Amino acid sequence: MLEKIKQLKEELENISVSAKQEVEDLRIKYISKKGLLNQLFADFKNVEADQKKAVGQAINELKEFAQNKINELKESFENAEHAGGQTDLSMPAEPLRPGTRHPLSIVRNEIIEIFARLGFTVAEGPEIEDDWHVFSALNFPPEHPARDMQDTFFIQKDPDVLLRTHTSSVQVRVMEKSQPPIRAIFPGRVFRNEAISARAHCIFHQVEGLYVDENVSFADLKQTLLYFSRELFGEKTQIRLRPSYFPFTEPSAEMDVSCSICGGKGCNVCKYTGWLEILGCGMVDPNVLDLCGIDSKKYSGFAFGMGIERITMLKYGIKDIRHFFENDVRFLRQFESTI
Ligand code: PHE
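Okay, so let's go over this structure. (Residues numbered from 1 in each chain as written. Predicted model: local features only at pLDDT ≥ 70, side-chain atom pairs only at ≥ 80, totals over all residues. Heavy atoms only, no water.)

Mapped onto the elements of the fold, Phe304 is located in strand E9 (residues 300–307). Exposure remark for Phe304: the relative accessible area of 2% places this residue in the buried category. Separated by 49 residues in the primary sequence, Phe304 and Met255 place their C-alpha atoms 9.5 Å from one another. The contact partners of Phe304, leaving out residues within four places of it in the chain, are Phe115, Ile185, Val207, Glu208, Gly209, Leu221, Leu225, Leu279, Gly280 and Cys281. (Helix = DSSP H or I, 4+ residues; strand = E, 2+ residues; numbered from the N terminus. Buried < 20%, exposed > 50% of the residue type's maximum accessible area, 1.4 Å probe, protein only. Contact = heavy atoms within 4.5 Å.)

Right, let's talk about the site of the ligand for a bit. The full set close to the ligand counts 13 residues, and His166, Ser168, Arg192, Gln206 and Glu208 are the nearest of them. Within the side chain of Arg192, one N or O atom sits 2.9 Å away from an oxygen atom of the ligand. Here an oxygen atom of the ligand and a side-chain polar atom of Gln206 are 2.9 Å apart. Protein burial of the ligand: of its 330 Å² of free accessible surface, 89% is covered by the chains. At the level of secondary structure, the elements contributing two or more residues to the shell around the ligand comprise strand E5 (203–213), strand E8 (275–284) and E9. The leading source of residues in the shell around the ligand is E9, at three residues. For the shell around the ligand, the per-class residue count stands at five nonpolar, six polar and two charged. (Near = heavy atom within 4 Å. Polar contact = N/O pair within 3.5 Å; in protein donor to acceptor, adjacent residues only side chain to side chain. Areas by Shrake-Rupley, 256 points an atom, 1.4 Å probe, with all protein chains shown as cover. Nonpolar A, V, L, I, M, F, W, Y, C, P; charged D, E, K, R; others polar.)

Another aspect to go through is the pattern of salt bridges. Two side chains carrying opposite charge are able to pair once their charged atoms lie near each other. Summed over all chains, the structure comprises 13 salt bridges. Put simply, Glu129 and Arg173 hold a salt bridge, and the shortest N to O gap is 2.7 Å. Note that Glu129 is positioned in strand E2 (residues 128–129) and Arg173 in helix H7 (residues 168–177), a separation of 44 residues in sequence. Here Glu129 falls in the buried class, since its relative accessible area comes to 3%. A salt bridge links Asp328 to Arg330, with the nearest nitrogen and oxygen atoms 2.7 Å apart. We classify Asp328 as partly exposed; its relative accessible area is 27%. The exposure class assigned to Arg330 is exposed, which follows from its relative accessible area of 66%. (Salt bridge = Lys/Arg side-chain N within 4 Å of Asp/Glu carboxyl O.)

Let us now look at the packing of aromatic side chains. One pass over the full model with this rule turns up 13 aromatic pairs. Seen in terms of ring centroids, Tyr316 and Phe335 are 5.0 Å apart; in terms of plane orientation they differ by 85 degrees. Their pairing is edge-to-face. Separated by 19 residues along the polypeptide, Tyr316 in helix H10 (residues 308–316) and Phe335 in the segment after helix H12 (329–332) bring together distant segments of the chain. Classification of Tyr316 as partly exposed rests on a relative accessible area of 35%. On the basis of relative accessible area, Phe335 is assigned to the buried category, the value being 6%. Taken together, a centroid distance of 6.5 Å and an interplanar angle of 80 degrees make the contact between Phe324 and Phe325 edge-to-face. For Phe324, a relative accessible area of 2% puts it in the buried group. Counting every residue linked through ring pairs, the aromatic cluster contains Phe115, Phe120, Tyr211, Phe228, Phe302 and Phe304. (Phe/Tyr/Trp six-rings, centres within 6.5 Å; stacked < 30°, edge-to-face > 60°.)

Here it is, written out as structure tokens:
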């Protein structure tokens, strides 16, 4: 009997099938009610007592082996069916969709390109900063609310280790390291302790710009921003500057561009004002120049800073800032770019 079991196992080991029906035939032959295995179990009563142990073990092993083998064959047919029946290896592969650039990268690159044409280079700095580069060197008084926990993410309990709240920190780093003429922009990620909504996020991106040289004037700032706005939003774009306040610029202004959606006539995007606020700017406060090791009697400069999310939302008509961070491919696939 042991000999017979061995034979059956060998037969199973070498078996090959070419159709699903053959697997079913195998199942009937081996493990159905009237199959070979049940017959073996029936014959088991006639086995000599001293062989019972070995034969019993062998039958059980064969049963398990047959079951596994049949399941395996069945699965291989099911998988092939799933892949569209018999796999035709000469078929061309499913095309792989190439990824697209993130809309924030597209707009950031566009901004970098525009300023590159005016001779601005790109500089970057760390996201984890210290108080000096984010606040003190930029003329923030000690009690300024931006230093508050409500606005700034501190790392652990050390008030000198924090996530930068603006990319102006890179302005400080560049001025500390080099002497005028300085003409650079600073793109990067910034962090503020804000409640997340359709219009605000605790993580977003800015591009800041800085120009320091002899005789840099407010007129230079205006002309630079006008050129930038027309390159980005179209040649008919108008700009207007409104007086504002930042600790590190004097005088300071906020800049609006004429609404690119209604052309300035008024629509729900510009809230019927015809204008969209896009950046803050001003002449670098002489105090800041001196704190960063630049002689404010000899040099003057301008700076500006804008949020990339806001500009991207305006450019593409995106209504909710949270789309940028959700990585939903249905959103991301809509942006194709050559940059
Ligand atoms: N750092 C300012 C902000 O984050 C923007 C700004 C930059 C304003 C440079 C003036 C000059 O809001």
